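The lines below spell out each chain.
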Amino acid sequence: MKILFLGSGTSTGVPVIGCDCAVCRSENPRNKRLRASVLVKSESTTILVDSCPDLRQQALCHSITAIDAVIYTHEHLDHTTGFDDMRAFCWRRTDRLPLFAGTDCLAHLRRMFAWAFSEKNTYQGYIRPDAHDHAGRPFMVGDIEVIPVPVLHATVETYGYVFRHAGRSFGYVPDIKELPAASRPLLAGLDVLAMDGLTTQEHHTHLSVADNVALMQELAPKQGLLTHCGHKVDYEEICRNLPEFMTSAYDGLEIEI
Ligand SMILES: [Zn+2]
Ligand SMILES: [Zn+2]
Ligand SMILES: [Zn+2]
């Protein structure tokens, strides 16, 4: 399985518009963060997780021309508003684009992009989603098993996901404040786990870096990664202070598991 981090930033991206803090002014490319999204690939299957507002730029940067499915973590705009850019992944396909989301997020997508989900949308080449409400149950996309992991984040139904293929596992939880007890076993002992590390201070809807590290130590993946980082997080400085098994994701990071 290969994981490509298309974006490792929070909803504002980094730099933040109008901010002149040290991270926003930094010339380190690892402090430039597009909105959070990953591509999960096996030899025969490609899954996009979330369609963020930077999707066009991400697809151009990494020459992404096709996906087999899109999966949504939740309805927040930094994870959904690149929806229309997925047209480019539909021009070459005759069938509908498989789309998986939880119940609330799917209802939200149907409202937001009603024309795409409409029965009247028969244009080949426009996004015609083959929508699935996974309702928290595991499902397959090609040869990759996808396990939804309910997490607490703000006031919206939010999922992280575990991807399993050829005996390897990758967990992706970009937005989380708290991990419910019932979800803990799903994220324990993975090969790689990438999780919300928004900021260096306590935050009411996201894990701070310190919260992330504490939870990572409990869940004990072989490798832990911060993602969905904001402008309080300086790449070099934060990496220096993380435990041995952890580092921070950055835009363009590709890992093979
Ligand atoms: Zn987010
Ligand atoms: Zn800043
Ligand atoms: Zn969110």
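Conventions we followed
- Residues numbered from 1 in each chain as written.
- Chains lettered and ligands numbered in written order.
- Predicted model: local features only at pLDDT ≥ 70, side-chain atom pairs only at ≥ 80, totals over all residues.
- Heavy atoms only, no water.
- Donors = N, O, S within 2.8 Å, 3.2 Å for Na, K, Ca; no water.
- Tetrahedral: all angles 85-135°; square planar, octahedral: opposite > 155°, others 65-115°.
- Phe/Tyr/Trp six-rings, centres within 6.5 Å; stacked < 30°, edge-to-face > 60°.
- Helix = DSSP H or I, 4+ residues; strand = E, 2+ residues; numbered from the N terminus.
- Buried < 20%, exposed > 50% of the residue type's maximum accessible area, 1.4 Å probe, protein only.
- Lys NZ or Arg CZ within 6 Å of the ring centre and 35° of its normal.

Focus on the coordination of the zinc ion (ligand 1)
For the zinc ion (ligand 1), the full set of protein donor atoms is Asp78 (OD), His79 (NE2), Asp175 (OD) and His228 (NE2), and the range of their distances to it is 2.1 to 2.3 Å. Taken together, the four donor atoms coordinating the zinc ion (ligand 1) span angles of 91 to 162 degrees at the metal, a pattern that classifies the geometry as irregular.

Topic: the packing of aromatic side chains
Throughout the structure, instances matching the rule amount to 10 aromatic pairs. Centre to centre, the rings of Phe83 and Phe117 are 6.1 Å apart; their planes meet at 25 degrees, and the pair counts as stacked. One end of the pair, Phe83, is in the loop between α3 (77–80) and β5 (97–101); the other, Phe117, is in helix α5 (residues 114–117), with 34 residues separating them in the sequence. Both residues of the pair, Phe83 and Phe117, belong to the buried class. Plain terms: the ring middles of Phe113 and Trp115 are 5.8 Å apart, the flat faces sit at 85 degrees to each other, and that makes the pair edge-to-face. A connected cluster of aromatic rings, assembled from ring pairs, spans Phe5, Tyr159, Tyr161, Phe163, Phe170 and Tyr172. Between Arg30 and the ring centre of Tyr250, over which it is positioned, the NZ or CZ distance is 3.8 Å.

Brief notes about the coordination of the zinc ion (ligand 3)
Note on the zinc ion (ligand 3): its protein donors are His74 (NE2), His76 (ND1), His153 (NE2) and Asp175 (OD). The metal-donor distances range over 2.1 to 2.5 Å. Its four donor atoms give the zinc ion (ligand 3) angles of 91 to 171 degrees at the centre, a pattern that matches the irregular case. Counting residues between consecutive donors of the zinc ion (ligand 3) along the chain gives the motif H-x1-H-x76-H-x21-D. A separation of 3.5 Å is found between the zinc ion (ligand 3) and the zinc ion (ligand 1), which are bridged by Asp175. What makes His74 buried here is its relative accessible area of 0%.

Examining the environment of Ala22
Structurally, the position occupied by Ala22 is in helix α1 (residues 22–25). With 210 residues separating them in the primary sequence, Ala22 and Lys232 have C-alpha atoms 8.9 Å apart.

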